[in-house]
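The residues making up each chain are set out below.
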Amino acid sequence: MISEHKGTAQLTTAMMLSGTLGVFVVESGASPFDVVFFRVLFGALALGGYVVARGWLRDHGFTPRTLGLAVLGGVFIVFNWVLLFQSYENTSISVATVVYHTQPFYVVLLGALLFRERLTAARVGWIAVAFAGLILVSGVTPADFTGGGAYLTGIGQALLAALLYGLSTLVTKRITGVRPHLIALVQVLVGIPLLLPFADFGAMAGTGWDWGWLIGLGLIHTGVMYVLMYAAYAQLPTAKIAVLAFVYPAVAMLTDWAVYGHHIGLVQALGVPLIVTASLKVTLARPRAAAPAPRTAAHEPEAASRTATPAACEA
């Protein structure tokens, strides 16, 4: 029980940190590609230092196959971040975050499409409910489709980011025998050469205090946040993890209102409980025999990694 309380505090803290990510992105003043490049750079330093300090590199557990899967998952994660941060610019942190939180439904749909995982009628129904909520939250009107514009583009970017996160989750679920910290380290390391051609170092020269926001994204929102999440996952049952994941969008909406004065309208707000309820139903709807036992710290090295958001997280 003490272990579960500790895990609850750790995951709640991690999700609260994740909810402030949008402010760090916007305040940095950098382009989405620059933001993600420096996030993975500083994040790799933070995670790498932690992994080395724990002595986990010696028996890393990677095989050529699992290393390749981690790299592929890293490609999806990196571009998922780029699209999400672009969506912040075109919509708002609140709208982009809630739309992005449709990730669990993509995991289910992609699993059924690519790996023939069972898709029940109940899950299909809840996914339909979620996307009805998505339509409400997005606030898109017929005029947006006829006139185009940045807002509709931003909604599409958030949806595509969620799709890439879903792909990363499916890939990472197939990695066993490797600590999630090591998988996350590989994924951020992949982003350095991947985004190097897109990074505009000239635009970053002399940005002064803006560097503090970028360093924070790497050290806090990648290093500290991931360590807290993975420690919590080892101590909590799936049901509690699924519920606490919604601290992330709640804090994101609160900070967007407190810092920038952005808030979703009444009609948009009606869609939020639809997405939340459907997400919990889809995430927790498992056959009784297949329900996993709560993970413990002893299981952590063998457990499949949960990628950045956090999905669910995560961002």
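Since the model is a prediction, treat every value here as computed from it, not as a measurement.

Draft legend 1. Just the nonpolar core, in detail. Ranked by size, the top nonpolar core spans 68 residues in total, and within it L11, L84, F85 and Y88 carry the most contacts. When residues of this core are assigned to their parent elements, the largest contribution, 11 residues, is made by helix α4 (residues 64–90). The contact partners of L11, leaving out residues within four places of it in the chain, are M229, A232, Y233, L236, I241 and L244. Among the nonpolar cores identified, the runner-up in size contains 16 residues, and V99, L134, V137 and V272 belong to it.

Draft legend 2. Spotlight on helix α12 (residues 210–233). For α12, with 24 residues, the first-to-last C-alpha span of 33 Å sits near the 34 Å given by 1.5 Å per residue. Along α12, the helix axis deviates most sharply at G216, where the bend reaches about 30 degrees.

Draft legend 3. Just the packing of aromatic side chains, in detail. Tallied over the entire structure, the rule returns 12 aromatic pairs. For the pair F24 and W213, a centre-to-centre distance of 4.9 Å together with 85 degrees between the ring planes defines the contact as edge-to-face. Of this pair, F24 sits in helix α2 (residues 21–28) while W213 sits in helix α12, and the two are 189 residues apart along the sequence. Overall, the relative accessible area of 27% leaves W213 in the partly exposed class. Among the aromatic residues, ring-to-ring pairing joins F37, F38, F42 and W211 into one connected group. It is R39 that lies over the ring of W81; its NZ or CZ is 3.9 Å from the centre. The aromatic ring of F115 is capped on one face by R174, whose charged end is 3.7 Å from the ring centroid.

Draft legend 4. Just the pattern of salt bridges, in detail. The full count for this structure, using the stated rule, is 1 salt bridge. As a salt-bridge pair, E4 and K240 come within 3.1 Å of each other at their nearest N and O atoms. Here K240 lies in helix α13 (residues 238–244) and E4 lies in helix α1 (residues 2–19), a separation of 236 residues in the sequence. The exposure class assigned to K240 is partly exposed, which follows from its relative accessible area of 28%.

Draft legend 5. Structural context of the environment of T66. The residue T66 is located in helix α4 in this model. Relative accessible area serves as the criterion here: at 5%, T66 is assigned to the buried category. Sequence separation of T66 and T172 is 106 residues, and the distance between their C-alpha atoms is 8.7 Å.

Draft legend 6. View of the packing of α4 against helix α5 (residues 93–100). Here α4 crosses α5 at 140 degrees, and the two axes come no closer than 8 Å. In terms of orientation, α4 lies oblique with respect to α5. Residues N80, L84, S87 and Y88 of α4 lie in contact with α5, whose contacting residues are I93, A96, T97 and Y100. Per-class residue counts for the contact of α4 with α5 are 5 nonpolar, 3 polar and no charged.

Draft legend 7. Quick look at a nonpolar patch on the surface. Taken together, the side chains of I215, L219, I220 and V224 define a hydrophobic patch exposed on the protein surface, amounting to about 270 Å² of accessible area. By the element assignment, I220 lies in helix α12. For I220, a relative accessible area of 32% translates into the label partly exposed.

Draft legend 8. Spotlight on the environment of L11. Mapped onto the fold, L11 is located in helix α1. Look at L11 and you get buried, because its relative accessible area is 2%. Along the primary structure L11 and V227 are separated by 216 residues, whereas in three dimensions their C-alpha atoms are 9.8 Å apart.

What counts, and where the lines are drawn
Once a new chain begins, its residue numbering starts again from 1 and follows that chain's sequence as written. At least 70 in pLDDT is required for a residue's local features to be given in this predicted model, at least 80 for side-chain atom pairs to be given and counted, and no such filter applies to totals for whole chains, interfaces and linings, which use all residues. The basis for the side-chain values is all heavy atoms of the structure; hydrogens and waters are excluded. As used in this record, nonpolar core signifies buried Ala, Val, Leu, Ile, Met, Phe, Trp, Tyr and Cys residues forming a set joined through side-chain atoms within 4.5 Å. Working definition: with a 1.4 Å probe on protein chains only, accessible area under 20% of the residue-type maximum means buried, over 50% means exposed, and in between means partly exposed. To qualify as a helix, a DSSP run of H or I must reach at least 4 residues; to qualify as a strand, a run of E must reach at least 2; elements of each kind are numbered from the N terminus. By the convention used here, residues are in contact when the closest approach between their heavy atoms is within 4.5 Å. How far a helix is expected to stretch is found by multiplying one less than its residue total by 1.5 Å. Note on bend: at a given residue it equals the angle between the axes fitted to the 7 residues ending there and to the 7 starting there. Pairing of aromatic side chains here covers Phe, Tyr and the six-membered ring of Trp, requires ring centres within 6.5 Å, and sorts the geometry by plane angle: under 30 degrees stacked, over 60 edge-to-face, intermediate tilted. Put simply, a charge is over a ring when the Lys NZ or the Arg CZ is close to the ring centre, within 6 Å, and near the line of the ring normal, within 35 degrees. Whenever Lys or Arg places a side-chain nitrogen within 4 Å of a carboxyl oxygen from Asp or Glu, that contact is recorded as a salt bridge. Axis angles are defined between N-to-C directions and span 0 to 180 degrees, where every axis is a line fitted to C-alpha atoms and, for a helix, only to the segment in contact. Convention used here: angles under 35 degrees read as roughly parallel, angles over 145 as roughly antiparallel, angles from 65 to 115 as roughly perpendicular, and any remaining angle as oblique. Basically, the charged four are Asp, Glu, Lys and Arg, the nonpolar ten are Ala, Val, Leu, Ile, Met, Phe, Trp, Tyr, Cys and Pro, and anything else, Gly included, counts as polar. Patch construction takes residues with relative accessible area above 30% that form no salt bridge. Like charges are linked within 9 Å, and nonpolar side chains (Val, Leu, Ile, Met, Phe, Trp, Tyr) are linked within 5 Å. Here the accessible surface of atoms and residues is derived via Shrake-Rupley with a 1.4 Å probe, and residues count as covered only by protein chains that are part of the display.

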